[in-house]
Amino acid sequence: MTPSPAKTVRISDDSLALALGADAIAAAFVAAGCTVERVSSWGMHWLEPLVEVDGIGYGPATPTDVPAILDGTSPLAIGAPAEHPFIKPQQRLTFARAGLTRPLSLADYAATGGWEGLTRARSLTPIEVIAEVTQSGLRGRGGAGFPAGIKWKTVADAPGTRKYVVCNADEGDSGTFADRMLMEGDPFQLVEGIAIAAYAVGAATGYIYTRSEYPHAIAKLQAAIELARDIIAPLHIEVRTGAGAYVCGEETSLLNSIEGKRGIVRAKPPLPALEGLFGCPTVVNNVLTVAAIPHIMAEGGAEEYARLGIDRSLGTKPIQLAGNIKHGGLYETAFGISLRDLVYTIGGGTASGRPVKAVQVGGPLGAYLAPDQFDIPFDYEAYARADALIGHGGVVVFDDTANMGALARFAMAFCAAESCGKCTPCRIGSTRGVELIDRIRGGAVTPDPVVALPQMHNAPKVDRQHEGDIALLEDLCETMKFGSLCALGGFAPYPVLSALRHWPADFKA
Amino acid sequence: MVRDESLSEIIAAHLGREGPLLPILHDVQAAFGCVDPAAQEVIAKALNLSRAEVHGVVSFYHDFHEDVDARPHVELCRAEACQARGVEALVDAAEGAAGNRVRLSTIYCLGLCSAGPAARVGDTLHARLTSEALVKVIENA
């Protein structure tokens, strides 16, 4: 038998592929005499580690599959990844390079339209750049959905010579990984987006604040900033690492954290756009907001962006399909898609094969949606009308074994663990919420020990039954929702109340 | 003392930066396995802060500790997406395997939410964990 000629094999070096043994597979291909190229991930996570040989994908691969993959007889073949039914219908603008380029190759980046946005932005005045971003309709992708162009204009118009661009890469929501994939797979795009933002608002320094849970993303970003140093000069960009505090994803506590303080939320106003980092005007944008900028600033990009989407939610949204889903991964598409399509048509239903019970959209603070709500279009306002939120676009699927009472308790417990402690509704309300849900699920052992405390002398002295406890929980949620300083305490009621509304049976003893 | 020298070096390396405290604390935690009160005092002095301010920051963030725990450290994600993929069913076996030899802690989200349950040992990640696979990760930690 003659040895086959050396082949080039493409394997992702995304964290998810590494966690599933991509390095061992890469080593096996090298041992078999192949050249291995480490590229970004396509985002088809159920197929990771995905191996690409001669344009054909194979996955999920293990080192023992190497000989069969090389002689083309492996049953793991999925055809050309770009033609896969999961990839083909997507409208990838932010993730256009996913699966195609080597994350830290300047040549690959430039060959796929990299730096075009920055070059064109620099040929315009900052005012024109801001006008195009406004025209594109881009809204903050972190969850709040604030128009990016208006935020930039506020910072640009703010008095002061020292201004900052801060990229919020503190992606702590369970069920989200788009920021991580972008930082690991296409770090130059983020650098370019920050450079354009800094040019538009007149900032000399940019910070990327990311999580200590993302060591690979940190390494890639630092390497990318170093490689792009001359291109983005005189702008100085630094990566700052969080230290395990979920609340630092809130923009004002993030700013405090960069300043070297406890990650405590600041009251607004003043808005960070006027008094942000070190008291200076600061743009705080999410990774996906910043990463959408290079495309928007390329020739004709803003018009193309504004043509996509529905209503006031324009452009594309990278949606993350996670949890108990058969085909999980990254799905970037224009706004307007329904959960039914996402969960069943694209996601293939649950991984366990059991019926879908609930879907949580928007991270730990997002509402649980029941299957009868699956026709709501993916749109900021449509979700708000249904008492839900899009958040960062994470979609976590649960099968019928999930207990929604337990998940509601988890939402309160998570809020209690991660509360910064500044405002009372969040700090104390979350703990009282855990106790109350425990009491409800435990069958209302009367009397409530909290009510018996001397400082509770104003509480009604009748023993509360189930209905009374539910009413109290709803009341508590109301207080947290309207009384909390930031979204942590303010949104924690969403999962609790939605679980209570749709699955009351899970709140019985 | 070697420790004092390297502590001063860490502080000096970050002193010119804006907001140097968190980068210093990360490096001190990595170098010594903790940020103890003695180190907090030195850092406070160098940054012209009070000890209370530095202590406040150290105690706020989950990543910083005042005492050394030299045991191997396995962090298991128990956030919603990993719960949906059955992480809670692995916890008893994991705690049994960890015993007192391994420090097993809960982390909220490693960003591997489509392939949970997931765990982390230092910078090494593990996903699609079964009970057996997780026990093996803990035993090898």
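1. Description of the interface of chain A and chain B
Line of reasoning, step 1. With 66 residues of chain A at the interface, the matching set in chain B holds 37 residues.
Line of reasoning, step 2. For the pair chain A and chain B, the two sides together bury roughly 3,700 Å², of which 55% comes from carbon and sulfur.
Line of reasoning, step 3. It is Ala243(A), Arg262(A) and Phe410(A) in chain A that bury the most area against chain B; as a group they hold 16% of the surface buried on that side.
Line of reasoning, step 4. Between chain A and chain B we count two salt bridges in total.
Line of reasoning, step 5. Here Glu18(B) ties to Arg162(A) by a salt bridge, and the two come within 3.6 Å at their closest N and O atoms.
Line of reasoning, step 6. Inspection of the region where chain A meets chain B yields 30 residue pairs in polar contact (both at pLDDT 80 or more).
Line of reasoning, step 7. Its residues assigned to classes, the side of chain A that touches chain B shows 34 nonpolar, 20 polar and 12 charged.

2. With respect to the domain arrangement of chain A
Residue and element names in this part refer to chain A.
Line of reasoning, step 1. On domain assignment, one finds that chain A holds domain 1 (8–83), domain 2 (106–307), domain 3 (309–399) and domain 4 (404–507).
Line of reasoning, step 2. Here domain 2 and domain 3 have C-alpha centroids that lie 25 Å from each other.
Line of reasoning, step 3. Listed by partner, the interface residues are 23 residues for domain 2 and 25 residues for domain 3.
Line of reasoning, step 4. Between domain 2 and domain 3 lies a buried interface of about 1,700 Å² when both sides are counted; carbon and sulfur atoms form 58% of it.
Line of reasoning, step 5. Of all residues in domain 2, Arg-139, Arg-141 and Phe-177 give up the largest surface area on contact with domain 3, accounting jointly for 32% of the area buried on that side.
Line of reasoning, step 6. At the boundary of domain 2 and domain 3, one finds one salt bridge.
Line of reasoning, step 7. A salt bridge links Arg-139 to Glu-381, with the shortest nitrogen-to-oxygen separation between them at 3.1 Å.
Line of reasoning, step 8. Summed over the shared surface of domain 2 and domain 3, the result is 12 residue pairs in polar contact (both at pLDDT 80 or more).

3. As for the side chain of Ser12(A)
Line of reasoning, step 1. When you line up the elements, Ser12(A) lands in strand 1 (residues 8–12).
Line of reasoning, step 2. Its relative accessible area of 3% is what places Ser12(A) among the buried residues.

4. Looking at the domain arrangement of chain B
Line of reasoning, step 1. Taken domain by domain, chain B comprises domain 1 (2–60) and domain 2 (73–139).
Line of reasoning, step 2. The centre of domain 1 of chain B, based on its C-alpha atoms, is set 31 Å off from the matching centre of domain 2 of chain B.

5. Some details on the state of the cysteines
Residue and element names in this part refer to chain A.
Line of reasoning, step 1. Tallied over the entire structure, the rule returns zero disulfides over all chains.
Line of reasoning, step 2. Left unpaired, Cys-280 is separated from the closest cysteine sulfur, that of Cys-167, by 19 Å.
Line of reasoning, step 3. As a non-bridged cysteine, Cys-477 has Cys-415 as the owner of its nearest cysteine sulfur, 10 Å distant.

6. With respect to the pattern of salt bridges
All names here are of chain A.
Line of reasoning, step 1. All chains considered together, the criterion is met by 35 salt bridges over all chains.
Line of reasoning, step 2. Among the ionic pairs, Glu-238 bridges to Arg-240, the shortest N-O distance being 3.0 Å. Summarising the burial analysis for this pair, Glu-238 and Arg-240 share the class buried.
Line of reasoning, step 3. Linking Arg-266 and Glu-259 is a salt bridge whose minimum nitrogen-to-oxygen distance equals 2.8 Å.

Basis of the calculations
- Residues numbered from 1 in each chain as written.
- Chains lettered and ligands numbered in written order.
- Predicted model: local features only at pLDDT ≥ 70, side-chain atom pairs only at ≥ 80, totals over all residues.
- Heavy atoms only, no water.
- Contact = heavy atoms within 4.5 Å.
- Buried area = accessible area lost by both parts, 1.4 Å probe.
- Salt bridge = Lys/Arg side-chain N within 4 Å of Asp/Glu carboxyl O.
- Polar contact = N/O pair within 3.5 Å; in protein donor to acceptor, adjacent residues only side chain to side chain.
- Nonpolar A, V, L, I, M, F, W, Y, C, P; charged D, E, K, R; others polar.
- Domains from an automatic or database assignment.
- Helix = DSSP H or I, 4+ residues; strand = E, 2+ residues; numbered from the N terminus.
- Buried < 20%, exposed > 50% of the residue type's maximum accessible area, 1.4 Å probe, protein only.
- Disulfide = S-S within 2.5 Å.

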